[in-house]
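Observations on chain architecture
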Amino acid sequence: MKNSFTTPNKLGFYGDFGGAFIPELLQRNVEELNVAFLNFYEDSQFLNERNQLLHDYVGRPTPLYLSQSLSAKYNCKIYLKREDLNHTGSHKINNAIGQILLAKRMGKTEIIAETGAGQHGVATATVCALLNMNCTVFMGEKDIERQAPNVARMKFLGAKVIPATSGSKTLKDATNEAIRYWIDHPASYYLIGSVVGPHPYPQIVAEFQSIISKEIRCQLKEKKGSELPTKVIACVGGGSNAAGAFYEFYDEPTVELFAAEAAGMGIESGYSAATSTLGSIGVLHGSMTLLMQDEFGQITEPHSISAGLDYPGIGPLHAYTIANGRTNSINITDDEAVVAAQFLTLNEGIIPALESAHALAALDKIELVQNDVVVINLSGRGDKDMEEYAKHLIQ
Ligand SMILES: *Cc1c(COP(=O)(O)O)cnc(C)c1O
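Described below are features of the structure shown in this document. (Residues numbered from 1 in each chain as written. Predicted model: local features only at pLDDT ≥ 70, side-chain atom pairs only at ≥ 80, totals over all residues. Heavy atoms only, no water.)

**A look at the overall build of the protein chain**
Just so we agree on the cut-off: Secondary structure elements follow DSSP: runs of H or I no shorter than four residues count as helices, runs of E no shorter than two count as strands, and numbering proceeds from the N terminus. The globule rule used for comparison is 2.2 Å times the number of residues to the exponent 0.38, while the radius of gyration itself is calculated over C-alpha atoms. Only protein chains enter the accessibility calculation, which uses a 1.4 Å probe; a residue whose area is less than 20% of its type maximum is buried, one above 50% is exposed, and one in between is partly exposed. Any two residues having at least one pair of non-hydrogen atoms within 4.5 Å are treated as being in contact. Accessible areas in this description were obtained via Shrake-Rupley with a 1.4 Å probe; residue shielding takes into account the shown protein chains only. Charged-residue counts in this description rest on Lys and Arg as positive and Asp and Glu as negative, His and the chain ends being excluded. By convention, charge coordinates are those of NZ in Lys, CZ in Arg, CG in Asp, or CD in Glu.
The secondary structure content of the protein chain amounts to 16 helices and 14 strands. Compactness check: the protein chain gives a C-alpha radius of gyration of 19 Å against a globular reference of 21 Å for 395 residues, within 12% of the reference. Expressed along its principal axes, the backbone C-alpha trace of the protein chain runs to roughly 55 × 45 × 40 Å. Here the protein chain holds 395 residues, and the buried ones make up 60% of them. In the protein chain, the share of contacts with a sequence separation of at least 24, taken over all contacts with a separation of at least 6, comes to 73%. Put simply, the protein chain shows about 15,700 Å² of open surface, and 52% of that area lies on carbon and sulfur atoms. Distance from the positive charge centre (32 side chains) to the negative charge centre (44 side chains) of the protein chain: 5 Å.

Dropping the structure here:
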């Protein structure tokens, strides 16, 4: 953790953002987690076990694929980091594997998690099946309806899925329910799915996802003889795939970083999830960060065509790096994402997740030159989004 951007201070702050704003009752849980993480994240036995699973079970390293069609369209080199090829179909499993091994080291047997689209719930239920742990997943009632296939997967994997029936019945409410349950069951391990929540979660999740940029570095060196791209693009919901894809490059000033946020139906439309543009500072789910709120500090309902980006906050690491100019944020509408997904599908035979399609669409909004070497993090595959794509099919 040499990295100056990704290491928070002792209280868990990245600049003005982060920290641990939690009830007294959770203080001990969070402290226990911090101690375990500091003990194990550089422990060679822990890392060997994790790396073995990432290799043999998840299927890492994921390929870095030179897209001929995108390279021709934008007249520079464009690579896709294929996180869609991971077991369970997205980058979420990288973090789930790391945290479940941490939970095991801590002697935990009961795992709880929140999920929106269900990708994190599926990843968590998967690693719980693998390590024989009890798994309870909180999910908004509305998301349970919208994401039926993932709910079925979680249940088949042995997880208990508990509907969150408060508020908007989506991800933020599921997170509230998970935190409430955690307070009542302090022996359980809360496996958070993105770089959000109280310190040390943002740091833990970023660390476990950093495998993405570590691999990009090696793979670029192999393919091009130079380790550094000129630009890296990733979509941001909470920001875990982006944190993983940017991690190794924060301290490389020649590498430009682009965070693609969901503008939904448009920034001005009132139906958007573009937190870094529309948000202001406040506390959400235990962390001081940028969030979408009204004049009374009530969370405003986010909207995105992609359930994975439909979150009213953003991880404190991203709030910090966007505020200080290290990361550029770019807004992508629902329609722009679908057009980009259709292009990749027709020209490469790769159906991207709707979330990842936001990163692809950012290519149209960035100035590119012929010498550019661009890496786009393809965070997941689009199987789960077929119903949505079918509605927008360009005939
Ligand atoms: C969950 C998800 C995201 C958004 O989460 P981040 O923490 O911002 O990465 C993006 N893409 C896919 C495929 C996802 O499943």
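**A word on the pairing of strand β4 (residues 77-82)**
Threshold: A pair of strands is treated as paired once DSSP finds two or more bridges between them.
Burial within β4 is extensive, with five of its six residues counted as buried. When strand β3 (residues 64-66) meets β4, the two strands line up antiparallel, connected through three bridges. If you follow L64 over to β4, its bridge partner there is K81. Of the pairings in the sheet, the one linking β4 to strand β14 (residues 373-378) comprises six bridges and is parallel in character. Paired with K77 across the strands is V373, a residue of β14.

**Things to note about the sheet that holds strand β9 (residues 231-235)**
How we decide: Helix axes use the C-alpha atoms of the stretch in contact, all axes being lines fitted to C-alpha atoms, and the angles between their N-to-C directions lie in the range 0 to 180 degrees.
Strand order across the open sheet formed by six strands is β3-β4-β14-β9-β10-β13, with mixed pairing between neighbours. Looking along the sheet, the strands with just one partner apiece sit at the ends: β3 and β13 (327-333). When the angles between neighbouring strand axes are averaged without regard to direction, this sheet yields 25°. Relative to β14, β9 runs parallel, the two being bridged by three bridges. Looking at β14, one finds that I233 is bridged to I376. Sitting on the sheet, helix α14 (residues 334-348) is in contact with β3, β4, β10 (256-264), β13 and β14, with an inclination near 90° to β13.

**Details of helix α7 (residues 148-156)**
Inclusion rule: By construction, the arc corresponds to the directions joining the helix axis to the C-beta atoms.
Of the positions making up α7, those classed as buried are N150, V151 and M154. Down the axis of α7, the buried set is contained in an arc of 105°. They therefore lie on one face. Along α7, exposed side chains directed more than 90 degrees from the buried face belong to P149, K155 and F156. On the buried face of α7, the contacting elements are β5 (110-115), α5 (119-131), β6 (134-140), α6 (141-146) and β7 (160-164). Looking one or two residues past α7, G158 carries a phi angle of roughly 100°, positive in sign.

**Points about the nonpolar core**
For clarity, the threshold we go by: The criterion is simple. A nonpolar core is a set of buried Ala, Val, Leu, Ile, Met, Phe, Trp, Tyr and Cys residues joined through side-chain atoms within 4.5 Å.
Ranked by size, the top nonpolar core spans 86 residues in total, and within it L102 and Y189 carry the most contacts. The greatest single-element share of this core, amounting to seven residues, is contributed by helix α4 (residues 92-105). Leaving out residues up to four positions away in the same chain, Y189 has contacts with L33, Q99, L102, A103, M106, K108, E110, I111, I112 and Y201. Ranked by size, the runner-up nonpolar core spans 33 residues in total, among them Y74, A262, I305 and Y389.

**A word on the site of the ligand**
Condition: We call a residue near a given molecule or strand whenever any one of its heavy atoms falls within 4 Å of it. The definition of a polar contact used here is a pair of N or O atoms within 3.5 Å, where within protein one atom must be able to donate a hydrogen and the other to accept one, and adjacent residues in sequence count solely through side-chain atom pairs. The nonpolar class holds Ala, Val, Leu, Ile, Met, Phe, Trp, Tyr, Cys and Pro. Asp, Glu, Lys and Arg form the charged class, and all remaining residues, Gly among them, are polar.
Neighbouring the ligand are 17 residues, the closest being K92, S194, G239, S240 and S379. Take G238: an N or O atom from its main chain is 3.3 Å from an oxygen atom of the ligand. Here an oxygen atom of the ligand and a side-chain polar atom of S240 are 2.7 Å apart. About the coverage of the ligand: the protein hides 96% of its 380 Å² of free accessible area. Residue composition of the shell around the ligand, grouped by class: three nonpolar, 12 polar and two charged.

**Quick look at the packing of aromatic side chains**
For the record, the criterion: Pairs were defined over the aromatic rings of Phe, Tyr and Trp, the Trp ring being its six-membered one, requiring ring centres within 6.5 Å. Orientation was assigned from the angle between planes: stacked under 30 degrees, edge-to-face over 60, tilted for the rest.
This structure, assessed with the given rule, holds 12 aromatic pairs. With centroids separated by 6.3 Å and ring planes inclined at 45°, the aromatic side chains of F5 and Y320 adopt a geometry described as tilted. With F5 in the segment before β1 (13-14) and Y320 in helix α13 (residues 316-323), this pair connects stretches of sequence that are 315 residues apart. A centroid spacing of 6.2 Å and a plane angle of 85° characterise the contact between F13 and F21, whose relative ring orientation is edge-to-face. On the basis of relative accessibility, which here comes to 38%, the residue F21 falls in the partly exposed class. Counting every residue linked through ring pairs, the aromatic cluster contains F37, F40, Y41, F46 and F208.

**Regarding the sheet that holds β7**
The pairing of strands in a sheet comes from backbone hydrogen bonds and takes either a parallel or an antiparallel form. Reading across from one edge, β7-β6-β5-β8 is the order of the four strands in this open sheet, with parallel pairing throughout. Looking at which strands have only one partner, the edges of the open sheet turn out to be β7 and β8 (189-190). Sheet strands in contact with helix α8 (residues 171-184) are β5, β6, β7 and β8, and its direction is about 160° off that of β5.

**Quick word on the pattern of salt bridges**
Charged atoms that come close allow side chains of opposite charge to pair. How we decide: Each salt bridge in this description consists of a side-chain nitrogen of Lys or Arg and a carboxyl oxygen of Asp or Glu lying within 4 Å of one another.
Counted under the stated rule, the structure contains 21 salt bridges. Across the pair R146 and D143 runs a salt bridge whose closest N-O atoms are separated by 2.6 Å. Here R146 pairs with D143, and both are found in helix α6, just three residues apart, close to one helical turn. Taking the relative accessible area as the measure of exposure, R146 reaches 40% and is therefore partly exposed. Judged by its relative accessible area of 2%, D143 is buried. Here the salt bridges share partners, and the residues they tie into one network are R60, K81, E83 and E215.

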